[in-house]
Structure formats: structure tokens, C-alpha cells
Amino acid sequence: MAKAKLKTGAQMVVDVLVDEGVEILFGLTGGAILPVFDALFQNRHRIQLVDTRHEQGAIHMAEGYAKATGKVGVCIATSGPGATNLVTGLTDAYMDSVPLVAITGQVPSHLIGTDAFQEADVVGITRSCTKHNFLVKNIQELPQVMRDAFFIARSGRPGPVLVDIPKDIAAASAEVPMPKAPSIPLSKFVPTPDFKQVERMAELIAAAKKPLIYAGGGVINANASEALYKFARKTNIPVTLTLMGLGAYPANDRQFIDMLGMHGSYRANLALTYCDLLIAIGSRFDDRVTGKLSEFSPHSKKVHIDVDPTSIGKNVSVDAHTLGDMNVILGALTKLCGTKEYEGWYDELDAWNKKHPLAYKQDPKAKVLPQFAVDEIFRLTKGDAIITTEVGQHQMWAAQFYRFNKPRRWITSGGLGTMGFGFPAAIGASFAYPDATVIDIAGDGSFQMTMQELAVVKQYDLNVKTVVLNNRFLGMVKQWQDLFFDKRYASTSIPAQPDFVKLADCYGIAGYRAETPKQTTEVLAEAFKRKGPAIVEIVVDEEEHVYPMVPAGGANKDMVLNKQQDRERVIAEIAKAKAKGGKR
Ligand SMILES: Cc1ncc(C[n+]2csc(CCOP(=O)(O)OP(=O)(O)O)c2C)c(N)n1
């Protein structure tokens, strides 16, 4: 082994980052992390550091970058409050399986445990929201810890890894050889597929009359969209996707039956209910998909393909499963399966779609419907933008009405549902693809949580458009109050707001406002024509609800479909149809 050069711990951190192919990281400085920022400054020709205005902004930018590229996103913060400001983002990345490395400064080793200034027990605090975390205790272990952090973040089911580095270790110098490989074998994260189980799956598929593929974000993480497409097209099995899986299968394909779950399509949720074989691929049977567990997909046999052993049988028991590389498993399964017509099944799916399609009716003279605004964004960008969202009604309308034909164009906070995620995530995606149009479809409530990062879009002149669907409410919560709390709007009306056009202006970026459907089309077209950052505020109808909606804890078939049709009527309709022969 070549003799190692004398280097500071901070320089070792930078060298591993560069060696791992990191081109950019997002962060905010402070006392305990100063040596590492200094090393980054001295290496600015090798790696770009984006200075954010808040550490939450930094970590969501790293997530946006990671989701858009599939690479590991990196963020950096100081000790104490800098590190604790990362906690929401770490939890978000953990829930949504985002590959991420967070580097935090820690107080000097001899002060740890003394309640020193800006000391926080960061490994303790983040233990439950990281895939793994490290407190570096010795400069000799620092390069290997950094190497392992990247390996753990990206291998198997991806997730966030935190490396906490005491200031004295970052500032010290030592001769430590650069480790070439991680110290952990890949088999720890990616099990070998069980091909007997794959054969069993092929038998179940051969026997099924009403099969359904239910795929999720794991397909995108495994870069297995192509393999999913080949499997679905060969077998002719209809496909539904989770919120996190949108784009894993082309929305314009005839086999695609829209998103499923709490705000999934009528056809997808009934397909889930009445299918006889459910093929879960890179999805985890979370409660937003299953609804009431005891009534979840009651007529089906179930199979599960995933990389994470803890997902198997966690919420729903299955008849066959295998873990491992999804491309290998889907390739093997595709070879074993034949083609079938499923005509009756497709007829049923079509009939459900005809009865209750995902649709809206925009009266040109009435208030702007948020669905119309999303549809216009889709039309004007020809479906070619990278879309991020905040959390709330606008997120669900974006999922329903922007049609994704490719993976990694849809970046949203699914598991944690983090308001304030979308804008910084859009910034991260824009750094990855500077020529792309990146649009944050935002609610007025969410945008106000992280809008301080407007300074970053201005500073770097990013092609990020924030479209605020302004209903002057915390709309999704208001919707629940409309439906279940007798319209008592406790804490959901937020009439005091910035003038978003002036806000844009004071950051030196373009601002637009629309109050009618016609203006909506005009200002969106104008904003998208001009490169560079913009805020587009669209004043939308505050009374609009997201439908379908499976009430929390309800069965998927008990969807509320529109304002006229309350829950009791849906249930009565189902009971009547059941008595007639099981179909609606
Ligand atoms: C950080 C955070 N706090 C609270 C919530 C709970 N919550 C979910 S949706 C929502 C309202 C979002 O309002 P807005 O961003 O205006 O979007 P809209 O629903 O009106 O489209 C709230 C408060 C959350 N998801 N995240």
C-alpha cells in the first residue's frame, strides 16, 4: 500500500467525497464544522458547496438531488441546532428510502457529555431516523467511516446515514491510507433471490383470472422501471402505482390504471379490492394503500418482491415472496410467464373508469380549480418537467393530474408527508439538471415553511418555478374538517399571507398572479417561457376537495367520490351491489 500523506481529518472527508463521485453538497456552517467547511472552500474547484439559508433546506435539497439522479445526496451542518435542524429531513429520507449522507460537526471529543455550547447527542437523537449513524472517535477510522456511510446509504433499500465528526478530529492531522472498499459485504443489503419462490409466483400468475401489479418507489430506487415494463407488457397484467411509484410505469400506457390508495382512482382501488392476485413490487403495504387492513384486497392471493426483509409480512401476509435485486427477479419472472388476454377483467376496469374517472369540470367564468391549474402545467410543459410538491391537497391533485411517463420526474414526500419539502427539493433537482424546468407545485401553507431558500434560487439563477395554489387555507386539513368535524376550521384558515408577487420581487425574481382560468393559462405560459426562477401564485377555489378519498381507517371500496355522495351513500351502494352479485 502506498504511504499515506499527512492530512487533516477535514481533508480526508473531502477526499472521500470526491472519490465517491460527489459533485455537490448542500449546507450551512458553524463553529464545530468550521474545519470541514474550510477544507471544502479550499477544494471548491473539485466539489461545489451550496450555502443554504436553513439546514432543513439543505437536507431536502440533498433529497431532491438524490431522487432526481439516483445518486447519494449529501448535506452538511454544524453541531447542536444545525444538526437538530436536519432531523425532519433525515426522517423524511428514512421513510422514503432516499440515499443520503449527512455530515455534522460535533463539539471537541473532550467536551462530549459536558453540556458544552451547541452540544447535542446527535447519534442518540438520529438513531431511529437513520439507516445507520456514526460518531467518529478516532481520526484513523474517519476515511473508512466515510466510505462505509456512502455504501450503506445506497445499498439495498437506500436510506440516510449520518456521520458526526468532533471538531478536534476534523482539525487533527494524521497519515491514514484512503480505503479502497467498504468494510461491509454487499450481501448484507441485497439478498440472493429465492428462485423457487419466483417459480411459485409464475404458477400463481398462470392460475389468476384478475391479477394486478401494485408497484411502488422501490422499483424506481432499484432502477427497475424497464424490467417492470417488460414484465407487465409480456403478461398483459394491469398496473397501478403508489404515490411514490409514479413514473415507474408510463402513465400513457393502456395497462396503467392510475394511482391507488387514499386518493387513488376509483378503478385502481376497486381493482385492488376485487383482484384475485396482487403482485406487490417495491411497495410496502403502508396504511395509505391498505386502508382498513381486515378488508384489504380480500379476494386475492398475494406475492411480494422487494429488497428489504423487514417489509415482508410486516402489515400484510403474502403467499410467495422473494428478496433481492429487482432487475434479476423481474427478469426471471418474465421469462417464466406467458401472455394472457384478461378481457373480462379489462372490461370491468374500463367500466369502473367510465363510471368515475379522474376528472374535473372547469367553468371558464368560475374560480380556478386546482385540478385545472395542474392540468395546464402538464399541458404547457408537455409532461416533460421535473415536478416536486409540498404536502396537502395540491400534492394529491399533482399526483392525479400530472401524468408521468418516466421515472425520477416526480419528487414528493410520501411517508412522512413533510410540508416545506418541495421547494428545497426542487432546488436540489435543478442543480442536478440545470436545463430542465423544475416546478414545485405548492400549497400556500407549505411554501411558507421553507421559502427562505428563495435566496438560493436567486443566487444561482435556477430554473425553478414555484406554483402556489393559493386557497388561503391549510387545505387538506380543512377538507378533513369539512368531512368529519362539521366545518369547524380550527387553525386552518391562514388569511395573513405575503403578497407572493412582491415576495418574488424583493428577492429579485419574476412573480405572477392569476385569479381566473384564462389568467392561469397566460401566466403559466409566460413563466415557463422565461428561463430562471419565478413564483406563480394562482388563487384557487378554497372549497374544492380531493376525490376519491378513502376515509382514514376505512376500506378502499368505501371511497367518498364527490361532495354530493357522502360516505353512507357509498356504503349503501356497495351493499346493494354486493347483494346483486359482487360487482359495482
Ligand atoms: C411539517 C408539517 N406540519 C403539519 C402537517 C399536517 N398537514 C398536512 S397537510 C396540511 C395542510 C397543507 O396546506 P397547504 O400547504 O396550504 O396545502 P393545501 O392542502 O391547501 O393544498 C397540514 C397542516 C404536515 N404534513 N407537515
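Residues numbered from 1 in each chain as written. Predicted model: local features only at pLDDT ≥ 70, side-chain atom pairs only at ≥ 80, totals over all residues. Heavy atoms only, no water.

Describing the overall build of the protein
Secondary structure assignment for the protein yields 24 helices and 20 strands. For a compact globule of 584 residues, the expected C-alpha radius of gyration is about 25 Å, and the protein comes in at 25 Å, within 12% of that figure. In terms of principal-axis extent, the alpha carbons of the protein reach across some 80 × 60 × 40 Å. Taken across its 584 residues, the protein has 59% of its residues classed as buried. Across the protein, the fraction of contacts at a sequence separation of at least 24, relative to all contacts at a separation of at least 6, is 75%. Each charge class in the protein can be summarised by its mean position, and for the 66 positive and 63 negative side chains these summaries are 5 Å apart. (Helix = DSSP H or I, 4+ residues; strand = E, 2+ residues; numbered from the N terminus. Rg over C-alpha atoms; globule rule 2.2 N^0.38 Å. Buried < 20%, exposed > 50% of the residue type's maximum accessible area, 1.4 Å probe, protein only. Contact = heavy atoms within 4.5 Å. Lys, Arg positive; Asp, Glu negative; His and termini not counted. Charge placed at Lys NZ, Arg CZ, Asp CG, Glu CD.)

Let's talk about the site of the ligand
Close to the ligand lie 17 residues, the nearest being Gln 393, His 394, Gly 417, Ser 446 and Gly 475. Contacts to the ligand include Asp 444, whose side-chain N or O atom sits 3.4 Å from an oxygen atom. Gly 475 is positioned with one of its backbone polar atoms (N or O) 2.8 Å from an oxygen atom of the ligand. Starting from 590 Å² of accessible surface for the ligand in isolation, the protein chains cover 76%. When residues of the shell around the ligand are assigned to their parent elements, the largest contribution, four residues, is made by helix α19 (residues 444-450). A per-class count over the shell around the ligand returns seven nonpolar, nine polar and one charged. (Near = heavy atom within 4 Å. Polar contact = N/O pair within 3.5 Å; in protein donor to acceptor, adjacent residues only side chain to side chain. Areas by Shrake-Rupley, 256 points an atom, 1.4 Å probe, with all protein chains shown as cover. Nonpolar A, V, L, I, M, F, W, Y, C, P; charged D, E, K, R; others polar.)

Some points on the pattern of salt bridges
If you walk through the whole model with that rule in mind, you get 28 salt bridges. In this structure, Arg 147 and Glu 20 form a salt bridge, with 2.9 Å as the shortest nitrogen-oxygen distance. With a gap of 127 residues between them, Arg 147 in helix α7 (residues 142-154) and Glu 20 in the loop between α1 (9-19) and β2 (24-27) connect regions that are remote in the sequence. Just as Arg 147 is buried, Glu 20 falls in that class too. With a shortest N-O distance of 3.9 Å, Arg 200 and Glu 203 are connected by a salt bridge. You can see Arg 200 and its partner Glu 203 sitting in helix α9 (residues 195-207), three residues apart, about one turn around the helix. With relative accessibility at 32%, the residue Arg 200 sits in the partly exposed group. Sharing partners across several salt bridges, the network here consists of Asp 19, Glu 20, Arg 147 and Arg 154. (Salt bridge = Lys/Arg side-chain N within 4 Å of Asp/Glu carboxyl O.)

Some thoughts on the side chain of Lys 465
Residue placement: Lys 465 occurs in strand β18 (residues 464-470). At 8.2 Å, Asp 461 is the nearest oppositely charged side chain to Lys 465, a buried residue that forms no salt bridge. Among the polar contacts listed, one links the side chain of Lys 465 to the backbone oxygen of Gly 532, at a separation of 2.6 Å. Beyond its immediate stretch of four places on either side in the chain, Lys 465 contacts Thr 437, Val 438, Ile 439, Asp 440, Ala 527, Phe 528, Arg 530, Lys 531, Gly 532 and Ala 534.

A few points about helix α5 (residues 87-95)
Among all positions in α5, only Gly 89, Leu 90, Asp 92 and Ala 93 are buried. The arc enclosing the buried residues of α5, seen along the axis, measures out at 160°, which places them on a common side. Lining the buried residues of α5 we find α3 (55-69), β5 (100-106), α6 (122-126) and β7 (160-166). (Arc of directions from axis to C-beta.)

Looking at the packing of helix α12 (residues 266-274) against helix α15 (residues 343-355)
Contact geometry of α12 with α15 gives a least axis separation of 8 Å together with a crossing angle of 140°. It follows from the interaxial angle that α12 and α15 lie oblique. Seen along the crossing, α12 lies across α15 with a hand that is right-handed. Of α15, the residues touching α12 (which contributes Tyr 266, Arg 267, Leu 270, Ala 271 and Tyr 274) are Trp 345, Leu 349, Trp 352, Asn 353 and Lys 355. Per-class residue counts for the contact of α12 with α15 are seven nonpolar, one polar and two charged. (Axes fitted to C-alpha atoms, helices over the stretch in contact; angles between N-to-C directions. Parallel < 35°, antiparallel > 145°, perpendicular 65-115°, else oblique. Left-handed = near helix turned anticlockwise from the far one by under 90°.)

Describing the pairing of strand β6 (residues 132-135)
Bridge analysis of β6 against β7 gives four bridges, and the strand direction is parallel. Each residue of the ladder has a partner; that of Asn 133, found in β7, is Leu 162. In this region the chain leaves β6, passes through α7 and returns to the parallel neighbour β7; the handedness of that crossover is right-handed. (Pairing = 2+ DSSP bridges. Right-handed = clockwise from strand over helix to strand, strands pointing away.)

Topic: the side chain of Thr 520
Mapped onto the secondary structure, Thr 520 falls in helix α23 (residues 517-529). In contact with Thr 520, other than residues within four places in its own chain, are Val 368, Phe 372, Ala 373, Ala 514 and Ile 538.

A look at the sheet that holds strand β14 (residues 320-323)
Read across the open sheet, the six strands follow the order β11-β10-β9-β12-β13-β14; overall the sheet is parallel. Among the strands making up the open sheet, the edge pair consists of β11 (256-259) and β14. Neighbouring strand axes in the sheet, compared pairwise and without regard to direction, differ in orientation by 15° on average. Note: strand β10 (residues 239-241) against β11, two bridges, orientation parallel. Paired with Val 239 across the bridge in β11 is Phe 256.

Points about the nonpolar core
Counting 95 residues, the largest nonpolar core has Ile 213, Ile 281 and Ile 538 as its most contacted members. The residues touching Ile 281, leaving out its near neighbours within four places in the chain, are Ile 213, Tyr 214, Ala 215, Gly 216, Val 219, Leu 228, Phe 231, Ile 305, Met 326 and Leu 330. Listed in part, the 48 residues of the second largest apolar core include Phe 26, Val 457, Leu 462 and Val 468. (Core = buried A, V, L, I, M, F, W, Y, C linked by side-chain atoms within 4.5 Å.)

Regarding the sheet that holds strand β19 (residues 510-514)
Taken together, the six strands give an open sheet; going across it, the order is β16-β15-β17-β18-β20-β19, and neighbouring strands pair in parallel fashion. Each of the sheet's edge strands pairs with one partner strand only, and the pair in question is β16 (410-411) and β19. On top of the sheet, helix α17 (residues 393-401) reaches β15 (386-389), β16, β17 (438-443) and β18; it is set at about 135° to β17, its chief contact. This element, helix α18 (residues 422-432), spans β15, β16, β17 and β18 of the sheet and lies at about 180° to β17.

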